[in-house]
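Listed below, chain by chain, are the residues.
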Amino acid sequence: MTETLHIIIAGGGEVGLGAARVLDDRGHNVTIIEPDPSRADYLSDAYVGTVIEGDAARPSVLAQANLERSDVVAALTDDEASNFAVCMAAQRMATVRTVLRTSAPPGEEYDAFVDGTVFPEAFGARAAANEITGAGVRAIEEIGGELGLEIVEVEVTEAAPAAGRSLQEVSFPRGSLIIADAAGGRIGGPDTVLEPGVRYLVAMEADVADEIMNLLRG
Amino acid sequence: MSQAGERAPVASLGLLDATMVGVGAMIGAGIFVLTGLAAETAGSAAIIAFALNGGVTAFTALSYAELAAAIPRNGGGYAYVREAFPPLVSFVMGWTRWFTYMVAGALYALGFSSNFVEFVHLYGVTVPFGETFPELYALAVIALFVALNALSTEASGGAETLITLVKIAILLVFVGFGLPQANPGEFSPTFPNGAVSVLPAMGLTFIAFQGYDLIATVTEEVENPQKNIPRAIMLSLGVTVVIYLLVVFVAIGVLGAGPLAAAGETAIASAAEAFMPALPIVGTGAGLIAFGAVFSTVSALNAVVIGSSRVAFAMGRERQLPGPLGRLHHRFGTPFVAVLASAVVMLVAVLVVPIRIVGNLASLFSLLGFVVVNLAAIELRREQPDLRRPFEIPYYPVPPILGIALNLLLGLFIDPVTWALAVGWLVVGGAVYVALQRRKGEPAAPAPEVGVGVEPDVDPERDVPARPDD
């Protein structure tokens, strides 16, 4: 367990509350700033962090969150401009890491100003694509980078070339790794057999994705 | 009640369970161990000491309720003070809370050994060294519970509730049999040692009223916490005070203050001997009460072993104590180092400190800790006016101010030897704090803001322990 972080989250919407829950579960201390009184009530009931009722973009409200004793300020409201204002104000008031939620793909424009950006809609889009295409292939995480590394969950079909064979029999391309079956049964090894109808977690580089899909889906 | 980083606690305690956590920590050890000592100090006015303590502690309970409902942190008073004050103050708070729990552990262990010897004696068994060296059993029981808590996470809140209900039932049996035989005449003269003697008796027994603090240390496990925690805090205090008053009334009414005082930490069991009839299965009725005393001191000891290790663990995670205290053991999943460190202090306290001073020490630190908690409630109202407070202290700021004043007043009536030991522990704490600051490579910058009076005293000693760490 690393040191407990003191984290201020501006905006207690679903993104803010969801982040607060995860952080609280990991043992960090969270303070949420939320302007809407009834939402603030709801956040209090959730009991994952201290709740300050007010607009985080106002310095007098932000100051109440004990900035100088905090490690991170995450501005997670759905208004990009006020998120930016919160991050800038926080940096003036104390030495803290800042995380900014954007409402459009952020590019690099914020790199000089904040320590991290989040664009939740990207995750939403991926989840939507997963649901639309059905259960066969689900994107779990895009690592990105120059190789376009991605982790996907793939269900092996009956007709797939690799179905029923062990990993040492099938020659998977370089740049791919069968991590485990999706139930988390066990980590893949040479004697792991790819059962048809079972879903596997696969890490793959973008340029071998096609080949992997061919082997597993037919 | 597992506080453990990624092993996130689950909200599993209802209002009854949460109330019982508080009642369980208060009822039992305090009343069994301290009633006799209080009677020795204040005579039959001991009952007034218990009643007034209930009133005094209620003010602080309101502050706890407000803070616990607003700040979802396990760790109790330490966590709230950490929110309100600079690091040095929260360090002092954590340091004294830690010590309170450890000293309370020593107190309960000593109470256990006396009552255990008494218990087996009632059945005609004489245990070796029981009369000459009762500390032996105190040491053994500490070792046992420390081992249990070091090797596995403790019993669930549900088991705690059952244990507490058993304790309450035993005390109610005591009250039920004793009430008809209690003689109100035993209460005159009310103040055999003068009215002022009530104050030191209050100071001595104050530790018996601090268990609701434990509810605040498990807040994240309580269902619907914003309503249930304030309720559980006030309810547990109310239930406890009523039971205390009944038990003390019966004990003094039956036995009289003098013989009660002579019985010391086995006072309640001795009172039971005077009137309890033989019961089926357990045999002698007094045996049931003695069993209750043994049982209560054991469960209270377990609670404070958990409490003390948890405070040390929280401080370790915040880097206010050396890092290893804030780590879970890789195999046992327990705050192993924190448990062992707490055990060492308990064992030393059992061996070298007389029981009366152990009681006084625990009460003094508990009083001082409560002063800081009340200050935290006031400070947070000033610093964070927009903080959501689902429970608000009624008639603010009267209760916290009264809490501070009365806690300090009681502290003044605790004897100088206790104060000297307390200051000694603070000096050790100052040394640890400074050493840790230096190792972090940060100047102890926030320190001069507060505790200006304490710092210079610390200076000569602090270099000595600091060096090995540098």
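Above: the structure in question.
Since the model is a prediction, treat every value here as computed from it, not as a measurement.

Novice: When you look at empty space enclosed by the protein in this model, what are you seeing that I'm missing?
Specialist: In this approach the atoms are scanned with a rolling probe the size of a water molecule, which exposes any empty space left behind. Residue and element names in this part refer to chain B. Throughout the structure, instances matching the rule amount to six cavities of 30 Å³ or more. Estimates place the volume of the second largest cavity at around 80 Å³. Every residue along the wall of the second largest cavity is listed here: Ala25, Met26, Tyr101, Tyr108, Ile207, Ala208, Gln210, Gly211, Asp213, Leu214, Ala303 and Val304. Looking at the lining of the second largest cavity, the elements that each hand over two or more residues are helix H1 (15-26), helix H5 (87-122), helix H9 (213-217) and helix H13 (285-317). Taken together, the residues that form the lining of the second largest cavity break down as nine nonpolar, two polar and one charged.

Novice: Any chance you could explain the packing of helix H15 (residues 355-383) of chain B against helix H17 (residues 416-440) of chain B here in plain terms?
Specialist: Packed helices, taken two at a time, are described by their axes: the angle between them and the distance between them. All names here are of chain B. Viewed as axis vectors pointing N to C, H15 and H17 meet at an angle of 60°, and their least axial separation amounts to 9 Å. Taken together, the axis directions place H15 and H17 in an arrangement best described as oblique. Note that H15 runs across H17; the crossing there is right-handed. On the side of H15, the interface is formed by Ile357, Asn360, Leu361, Leu364, Phe365 and Leu368, while H17 contributes Val417, Thr418, Trp419, Leu421, Ala422 and Trp425. Residue classes in the contact of H15 with H17 are distributed as 10 nonpolar, two polar and no charged.

Novice: Please clarify how the nonpolar core should be interpreted in this entry.
Specialist: Burial of nonpolar side chains together is a common tendency in soluble globular proteins. Grouped together as the largest cluster of nonpolar side chains are 181 residues, with contacts concentrated most on Tyr108, Phe174, Tyr212, Ile233 and Leu301 of chain B. For this core, the element with the highest residue contribution is H5 of chain B, accounting for 20 residues. With sequence-adjacent residues up to four places away left out, Phe174 of chain B is seen in contact with Val247, Val250, Ala251, Ile268, Ala271, Ala272, Phe275, Met276 and Ile289 of chain B. Counting residues in hydrophobic clusters, the runner-up holds 21 residues, among them Ala139, Leu194, Tyr200 and Leu216 of chain A.

Novice: Quick question: what am I supposed to make of the pairing of strand E2 (residues 29-34) of chain A here?
Specialist: Regular strands place side chains that alternate from one sheet face to the opposite one. Residue and element names in this part refer to chain A. Burial analysis of E2 places six of its six residues in the buried class, which makes it a mostly covered element. Relative to E2, strand E1 (residues 6-10) is paired through five bridges, and the arrangement is parallel. Residue pairing across strands places Ala10 opposite Ile33, the latter belonging to E2. Crossover E1 to E2 through helix H1 (residues 14-25) is right-handed. Pairing of E2 with strand E3 (residues 50-53) involves four bridges; the strand directions are parallel. The residue bridging Thr31 from the neighbouring strand is Thr50, located in E3. Each parallel crossover has a hand, and the one from E2 via helix H2 (residues 37-46) to E3 is right-handed.

What counts and what doesn't
Residues numbered from 1 in each chain as written. Chains lettered and ligands numbered in written order. Predicted model: local features only at pLDDT ≥ 70, side-chain atom pairs only at ≥ 80, totals over all residues. Heavy atoms only, no water. 1 Å grid on protein atoms, 1.4 Å probe; cavity = no way out; pocket = protein on both sides within 12 Å on 5 of 7 lines; lining within 4 Å. Points joined across faces, edges and corners; volume = space filled by probe spheres on them. Helix = DSSP H or I, 4+ residues; strand = E, 2+ residues; numbered from the N terminus. Nonpolar A, V, L, I, M, F, W, Y, C, P; charged D, E, K, R; others polar. Axes fitted to C-alpha atoms, helices over the stretch in contact; angles between N-to-C directions. Parallel < 35°, antiparallel > 145°, perpendicular 65-115°, else oblique. Left-handed = near helix turned anticlockwise from the far one by under 90°. Contact = heavy atoms within 4.5 Å. Core = buried A, V, L, I, M, F, W, Y, C linked by side-chain atoms within 4.5 Å. Buried < 20%, exposed > 50% of the residue type's maximum accessible area, 1.4 Å probe, protein only. Pairing = 2+ DSSP bridges. Right-handed = clockwise from strand over helix to strand, strands pointing away.

The quantities given are spatial measurements derived from coordinates; they are silent on function.
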